[in-house]
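Commentary on secondary and tertiary structure
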Amino acid sequence: MKKILSLFLSFSLLFSIAACARQEPMTELESIQKQLAEMEAAIRQAEKDSAENERLKALLGLQSQRPDLTSDLQAAMITQHTVTNWTSTLTVDKGTRHGLEVNDCVISETGALVGVISEVGTNWATVLTLVDTDTSLGAQVFRTGDLGLAQGNFSLMEDNRLRMEFLPTDCS
């Protein structure tokens, strides 16, 4: 009986050693998979940082081209873009804490006018884009120098175009 019990204990011990041996490579595999996931996340973050770096370099280029803008510029990221049948807005990640106010103009990194701030919070702002139907502002036709009113227009919104009104009658 002792021999059978000893043989059984030996077999149990071997079985649990084999089970541990099978679990250890699984744990190592899980560890490697975790490291891989962390490295992939680091790569995605590095790509995001690189894209932001390029955007900021372009913004610095704009500041050197347009020194009149340097004191008021505030770089922001677009966090949301909303387009409906009647509106076209952007939400950015800067707000009153960064000096933004309602009716501030918003430009792209190339210096093109994007829109006007319509609402602002502590760390966010909503921008009415130029093509929004509620947007209207003074504009100049570069070809002729004529002044008029550029307005967002429902029928032109899809094409990202504006309607110019109140132009002189002799404007071509």
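Residues numbered from 1 in each chain as written. Predicted model: local features only at pLDDT ≥ 70, side-chain atom pairs only at ≥ 80, totals over all residues. Heavy atoms only, no water.

Details of the pairing of strand β2 (residues 88-92)
Of all five residues in β2, five are buried, a share of seventy percent or more. Burial along β2 is two-sided: Ser-88, Leu-90 and Val-92 and Thr-89 and Thr-91, pointing in opposite directions, are all buried. Relative to β2, strand β1 (residues 78-83) is paired through five bridges, and the arrangement is antiparallel. Bridge pairing links Gln-80 to Thr-91 in β2. (Buried < 20%, exposed > 50% of the residue type's maximum accessible area, 1.4 Å probe, protein only. Helix = DSSP H or I, 4+ residues; strand = E, 2+ residues; numbered from the N terminus. Pairing = 2+ DSSP bridges.)

Overview of the pattern of salt bridges
For the structure shown, the criterion picks out one salt bridge. Taking the shortest distance from any N to any O, the salt bridge between Glu-165 and Arg-163 comes out at 2.7 Å. On the accessibility criterion, Glu-165 (24% relative accessible area) is partly exposed. (Salt bridge = Lys/Arg side-chain N within 4 Å of Asp/Glu carboxyl O.)

Details of the nonpolar core
Ranked by size, the top nonpolar core spans seven residues in total: Leu-90, Val-92, Leu-100, Val-106, Ile-117, Ala-125 and Val-127. Broken down by secondary-structure element, the contributors of at least two residues to this core are β2 and β5 (125-129). (Core = buried A, V, L, I, M, F, W, Y, C linked by side-chain atoms within 4.5 Å.)

Considering the pairing of strand β4 (residues 113-120)
By the bridge criterion, three bridges tie strand β3 (residues 105-107) to β4 in an arrangement that is antiparallel. In the sheet register, Ile-107 faces β4, and the bridge partner there is Leu-113. A loop of five residues connects β3 with β4, the two strands running antiparallel in sequence, and Gly-111 in this loop sits at a positive phi of about 95°. Relative to β5, β4 runs antiparallel, the two sharing five bridges. Bridge pairing links Val-120 to Ala-125 in β5. Hairpin connection of β4 to β5: four residues between the antiparallel strands.

It is worth stressing that arrangement in space is one thing and function is another; only the former is reported here.
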